[in-house]
Amino acid sequence: MRGINLESAAGHESGAEARPDGELSLDTVYRAHAELVSRWIRRLDPTDDPEDLLHEVFLVARRRLPTFRGDAAITTWLFAITVRVVASRRRKRKVRRLLFGRYEGDSADQTPPATPEMHASRTQASRVLYELLEGLAERDRTLLILFELEGLSGKEITAVTGIPERQLWTLLHRARVRLKRAYVERYGMPEGGAP
Amino acid sequence: MSHRPEPPRLASGTDDDPVLRRIGALTRAASDHGPLGRDALERVRTRLSQKPGPIVFGMPLRALAVGVATVGLAGVAVAGFALSSGSRPKPVPVQPAPTVAPPVPERVVPAVKAAPPASVAPVEEAVPAPRAVAHQAPAAAPSASAGRLAQESAALEAALTALRRDRDPARALALLDHHAASFPDGVLVLEARVARIDANLALGRNAEALALLERLPLERVGRGVELRLVRAELRATSDPKAALADFDAVLATGASKNLEERALHGRARCRASTGDRAGARADAERYLAKYPSGRFAQALGQLAAER
């Protein structure tokens, strides 16, 4: 399940060699990390255009690269950018929905399946899960994806989101409560579960 | 303060809550979509290698074509009004002929319906400097901004309603001033700037519209192709060289029929006005071959016949 692995990536800067002036070039960073970033993007928002998002992430990285001083692993830095780019794009979509009453990111089939168990395949499980996440606030959604799907540690989540570690588990707990509520609203309590 | 221990993942299936165990099962089964393929990565790398700014079309043509974002949604709808009001700039005022793109109702509603992925707001401002990565304020801070975002949306919507439904561009401008004063760093600043351009065009204030267009980062807004074409039409007399570059760029994108017609007509006129008669004839002939009964066919027929 886990794929981000920021800790190991921290010491793995292969390909990210510096230019003679000591600065990293965007192309170098891109060649070393684009594949990884594209994976994060598809995990964070599988409904958006991953190429456009990848382009946007590296446009931001290009603007920010001169200020990168190597205090954090470049993967952590890139991941923080990715999280923000995806969140920003999702906010924009929500704004459009606010303004115009529709949401282009909605999947064509909005009919909820009778039970999630009917959708045992990985793709279907993803769809069910992301539909539940879709109804949450952006921070809840991001936290749950980073912790539950990507398997980041608390320290890693703090590094890329800036949420202090001491607040993290409380926020995660609340996010889980809201996710649970979304599940129950959509599918009801599972058999044998307390109301 | 003592730190709480890291909780087990839902995927472990150890939670006492049956609902969370179900969700845990979903997270275990959820597919990892994997990275993009080599071709896609190379395409993005190529896009990145193009210089930002005027390249507009090096940037995702697709994003421009489909990228109406909020700007597009708001602006295209407004454009319908602006177009139908006859307030569009004259393509190239070399002759009085069809200067205004006729109403194109199909662009109004459908464009809104087809609104594509958003162009992204200036995200970099929100990205922490690397040194501070571990000590940043919460990343997206959506909860803090949600209410303000709704207010900002309502403010912009009021301006768009004045422009689109009430056909009152002067009032729309006043409401846009209010929006700008209330939300100087708002999420919808770019969208508001596009709406302001449309309002100025609707009022016939082409100079003001052009000044705004000159400062608009076209690569970051929806309707980029259309707005570039409008800029070309507005520039045609004052700066034909820059106008020609814009017309070229529009035509290089495989623009929609409506925009391509206008761009071919505009470039032909522009070329003629700068003494490039061969180029003007070539554009006129290309237009006539593709749009023999198009709205500019008569005017360009005369141009093509000139020797």
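Residues numbered from 1 in each chain as written. Chains lettered and ligands numbered in written order. Predicted model: local features only at pLDDT ≥ 70, side-chain atom pairs only at ≥ 80, totals over all residues. Heavy atoms only, no water.

**Student:** Lay out the overall build of chain A with the relevant residues and their values.
**Tutor:** When you go through chain A residue by residue, the secondary structure sums to eight helices and zero strands. For chain A, the α and β elements follow one another from N to C terminus as α-α-α-α-α-α-α-α. Scored against the burial criterion, the 195 residues of chain A give a buried share of 57%. The long-range fraction of contacts in chain A, counting pairs at least 24 apart against all pairs at least 6 apart in sequence, stands at 64%. (Helix = DSSP H or I, 4+ residues; strand = E, 2+ residues; numbered from the N terminus. Buried < 20%, exposed > 50% of the residue type's maximum accessible area, 1.4 Å probe, protein only. Contact = heavy atoms within 4.5 Å.)

**Student:** Help me get a handle on the environment of Thr 253 of chain B, residues and values and all.
**Tutor:** Assignment of secondary structure puts Thr 253 of chain B in the loop between helix 11 (240-251) and helix 12 (257-273). Considered as a pair, Thr 253 of chain B and Val 225 of chain B are 28 residues apart in the sequence and their alpha carbons are 7.9 Å apart.

**Student:** Go over unusual backbone geometry with me, naming the residues and quoting the values.
**Tutor:** Although it is not a glycine, Arg 167 of chain B adopts a positive phi angle of roughly 50°. Within the fold, Arg 167 of chain B resides in the loop between helix 6 (142-164) and helix 7 (169-182).

**Student:** Can you break down the confidence of the model for chain B residue by residue, with the values?
**Tutor:** Averaged over all residues, the pLDDT of chain B is 71; the fraction at 70 or higher stands at 65%. Scoring the predicted complex yields pTM 0.45 and, for the interface, ipTM 0.73. (pLDDT = per-residue confidence, 0-100.)

**Student:** Can you explain the nonpolar core? Please cite residues and give values.
**Tutor:** With 63 residues, the main nonpolar core has Leu 54, Phe 58 and Leu 78 of chain A as its most contacted residues. Aside from chain neighbours lying at most four places away, what touches Leu 78 of chain A is Val 29, His 33, Val 37, Trp 40, Phe 58 and Ala 61 of chain A. Ala 236, Cys 270, Ala 272 and Tyr 287 of chain B belong to the second-largest nonpolar core, a separate cluster that totals 25 residues. (Core = buried A, V, L, I, M, F, W, Y, C linked by side-chain atoms within 4.5 Å.)

**Student:** Could you give me a rundown of the pattern of salt bridges, with the residues and numbers involved?
**Tutor:** All names here are of chain B. For the structure shown, the criterion picks out 30 salt bridges over all chains. Notably, a salt bridge pairs Arg 271 with Asp 276, separated by 3.8 Å at the nearest N-O pair. Of the residues examined, Arg 271 reaches a relative accessible area of 18% and is grouped as buried. Its relative accessible area of 32% is what places Asp 276 among the partly exposed residues. A single network of salt bridges, built from pairs that share partners, joins Glu 214, Arg 228, Arg 231, Arg 235 and Asp 246. (Salt bridge = Lys/Arg side-chain N within 4 Å of Asp/Glu carboxyl O.)

**Student:** Now, about the packing of helix 7 (residues 154-161) of chain A against helix 8 (residues 165-187) of chain A: what can you tell me, with residues and values included?
**Tutor:** All names here are of chain A. One way to put it is that helix 7 packs onto helix 8 with a least axis distance of 10 Å and a crossing angle of 100°. By the angle between their axes, helix 7 is roughly perpendicular relative to helix 8. Between helix 7, through Gly 154, Lys 155, Ile 157 and Thr 158, and helix 8, the contact on the second element is made entirely by Glu 165, Leu 168 and Trp 169. Looking at side-chain class alone, the contact of helix 7 with helix 8 contains three nonpolar, two polar and two charged residues. (Axes fitted to C-alpha atoms, helices over the stretch in contact; angles between N-to-C directions. Parallel < 35°, antiparallel > 145°, perpendicular 65-115°, else oblique. Nonpolar A, V, L, I, M, F, W, Y, C, P; charged D, E, K, R; others polar.)

**Student:** Hey, could you go over helix 14 (residues 297-305) of chain B for me, with residue numbers and the actual values?
**Tutor:** Since the α-helix turns once every 3.6 residues, residues separated by three or four places project in the same direction. All names here are of chain B. Looking at helix 14, one finds that the buried residues are Ala 297, Ala 299, Leu 300, Leu 303 and Ala 304. What you see down the axis of helix 14 is that its buried residues fit within an arc of 160°, all on one side. For helix 14, exposure combined with an orientation more than 90 degrees from the buried face picks out Gln 298 and Ala 305. Tucked inside the fold, the buried residues of helix 14 contact helix 12 and helix 13 (277-290). (Arc of directions from axis to C-beta.)

**Student:** Give a detailed account of the packing of aromatic side chains, specifying residues and quantitative values.
**Tutor:** Taken as a whole and judged by the stated rule, the model has six aromatic pairs over all chains. Here a set of aromatic residues connected by ring pairs shows up, and it is made of Tyr 287, Tyr 291 and Phe 296 of chain B. The side chain of Arg 9 of chain B reaches across the aromatic face of Phe 147 of chain A, ending 3.9 Å from its centre. (Phe/Tyr/Trp six-rings, centres within 6.5 Å; stacked < 30°, edge-to-face > 60°. Lys NZ or Arg CZ within 6 Å of the ring centre and 35° of its normal.)

**Student:** Help me get a handle on the packing of helix 7 of chain B against helix 8 (residues 189-202) of chain B, residues and values and all.
**Tutor:** Residue and element names in this part refer to chain B. Closest axis-to-axis distance for the helix 7/helix 8 pair is 9 Å, and the angle between their directions is 155°. It follows that helix 7 is roughly antiparallel to helix 8 by the angle criterion. Here the hand of the crossing between helix 7 and helix 8 comes out left-handed. Here Pro 169, Leu 173, Leu 176, Asp 177, His 179 and Ala 180 of helix 7 lie close against helix 8, whose contacting residues are Ala 192, Ala 195, Arg 196, Ala 199, Asn 200 and Ala 202. Tallied by class, residues from the contact of helix 7 with helix 8 come to eight nonpolar, two polar and two charged. (Left-handed = near helix turned anticlockwise from the far one by under 90°.)

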